[in-house]
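Single-letter residue listing:
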Amino acid sequence: MLIIGLTGGIACGKSAVSGVLKKFGAKTLDIDTVTHELLEPNGTLFEVYVQHFGKYILSSDGTLNKKIIGEIIFNHPDERQWINSVAHPILLNAARDFLENCADEGTEIAVVEVPLLFEAGWEHLFDEIWAVNVGRAKQIWRLVQRDNLTQQQAVARVNAQMPPEEICRRADVVINNKKTIGHTKKQIFAALKGRFVRGRSFA
């Protein structure tokens, strides 16, 4: 089984690349999705967050206020470090469970999408690490459009993460997601050259 760790900065298009890999036969896990589930009321991280920050981080409907949490994470390094120290071990167990299930099922390619892969020190989990890069200007633009942020807020979120140049330097494969989805697919296909997945040969 080939195990790929898929990473890249916020709003770089990791999910789009993961979606293409899934169409090619890979099984995928999005760590952000797991995180969101754990942040739902009565979820493990929900309870921990409320105990740590207090009820002011809750919206009127009793769910976590994502904007408040975002402001805390991206503007207070100490709190961001605390959040990561609590969340990463829980998420690591989820990733390991996913990979064990993939192995039991005879999966040929398993993909774990991890935004903070290098920061979390998860390199050892994967056979290959793929980084998605879109360029800083486009990354900020996408983030503003996607999350309805101000330019200043978007820049703060981008600056809070590892520089994309460093992410790409550490990765085994870099997918340039600056152009069309067709261009991105060609790069993914090239990276899979020599693989064989569910009857599809990437020759």
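Residues numbered from 1 in each chain as written. Predicted model: local features only at pLDDT ≥ 70, side-chain atom pairs only at ≥ 80, totals over all residues. Heavy atoms only, no water.

J.: Which parts of the structure should I look at to understand the packing of aromatic side chains?
T.: Aromatic ring pairs are defined here through the distance separating the ring centres and the angle between the ring planes. Considering all chains together, one arrives at 4 aromatic pairs under this definition. With a centroid separation of 6.1 Å and an interplanar angle of 85°, the aromatic rings of Tyr49 and Phe53 are classed as edge-to-face. One end of the pair, Tyr49, and the other, Phe53, are both in helix H3 (residues 44-53), 4 residues apart, so they sit about a helical turn from each other. For the pair shown, Tyr49 and Phe53 are each scored as buried. For Tyr49, a relative accessible area of 3% puts it in the buried group. Among the aromatic side chains, those forming a connected cluster through ring pairs are Tyr49, Phe53 and Trp82. (Phe/Tyr/Trp six-rings, centres within 6.5 Å; stacked < 30°, edge-to-face > 60°. Helix = DSSP H or I, 4+ residues; strand = E, 2+ residues; numbered from the N terminus. Buried < 20%, exposed > 50% of the residue type's maximum accessible area, 1.4 Å probe, protein only.)

J.: Is there a simple way to think about the pairing of strand S4 (residues 128-133) in this case?
T.: Successive side chains on a regular strand alternate, one facing one side of the sheet and the next facing the other. Among the 6 residues in S4, 6 count as buried, and that is most of the element. Of the two faces of S4, both are covered, the one formed by Glu128, Trp130 and Val132 as well as the one formed by Ile129, Ala131 and Asn133. Sheet topology places strand S1 (residues 2-7) next to S4; 4 bridges connect them, and they run parallel. When the bridges of S4 are listed, Ile4 appears paired with Glu128. (Pairing = 2+ DSSP bridges.)

J.: Help me understand the side chain of Asn177, please; the structure alone is not making it clear to me.
T.: Secondary-structure assignment places Asn177 in the loop between strand S5 (173-176) and helix H10 (181-191). A distance of 2.8 Å separates the side chain of Asn177 from the side chain of Thr184, its partner in a polar contact. Setting aside residues up to four positions removed in sequence, Asn177 forms contacts with Cys12, Gly13, Val132, Asn133, Val134, Arg142 and Thr184. (Polar contact = N/O pair within 3.5 Å; in protein donor to acceptor, adjacent residues only side chain to side chain. Contact = heavy atoms within 4.5 Å.)

J.: Whenever I open this one, the sheet that holds strand S2 (residues 27-30) confuses me. Can you help?
T.: The strands making up a sheet are joined through hydrogen bonds of the backbone, oriented either antiparallel or parallel. Overall, parallel pairing links the 5 strands, which are arranged S2-S3-S1-S4-S5 in an open sheet. Strand pairing shows two members of the sheet lacking a second neighbour, S2 and S5, which therefore form its edges. The average angle at which neighbouring strand axes cross in this sheet is 20°, direction not considered. Pairing analysis gives 5 bridges linking S1 to strand S3 (residues 109-113), with the strands arranged parallel. Following the sheet pairing, Ile4 is matched in S3 by Val111. Contacting S2 and S3, helix H2 (residues 31-38) runs over the sheet at an angle of about 50° to S2. On top of the sheet, helix H5 (residues 77-104) reaches S1, S2 and S3; it is set at about 165° to S3, its chief contact. (Axes fitted to C-alpha atoms, helices over the stretch in contact; angles between N-to-C directions.)

J.: Would you mind going over the environment of Glu79 with me for this structure?
T.: Among the structural elements, Glu79 can be located in helix H5. A C-alpha to C-alpha distance of 9.6 Å links Glu79 and Phe53, two positions 26 residues apart in sequence. Other than its neighbours up to four places away in sequence, Glu79 contacts His52, Phe53 and Ile72. Of note is the side chain of Glu79, whose polar atom sits 2.9 Å from the side chain of His52.

J.: Looking at this structure, how should I read H3?
T.: What sets the pattern is the α-helix's 3.6 residues per turn: residues three or four places apart point alike. Taken together, the buried positions of H3 are occupied by Leu45, Phe46, Tyr49, Val50 and Phe53. Viewed end-on, H3 has its buried residues packed into an arc of 130°, placing them on one side of the element. Looking at the packing, one finds that the buried side of H3 touches H2, helix H4 (66-75) and H5. Positive backbone phi, at 95°, marks Gly54, one or two positions downstream of H3. (Arc of directions from axis to C-beta.)

J.: What's the story with unusual backbone geometry in this structure? I'm lost.
T.: The bulk of non-glycine residues show a negative phi, and the bulk of peptide bonds are trans. Phi angles above zero are rare outside glycine, and Ala11 is one such case at about 65°. As for its position among the elements, Ala11 is in the loop between S1 and helix H1 (14-23). Positive phi is not limited to glycine here, since Asn148 has a value of about 55°. The residue Asn148 is located in the loop between helix H7 (136-147) and helix H8 (151-159) in this model.

This is a description of form; function is not addressed.
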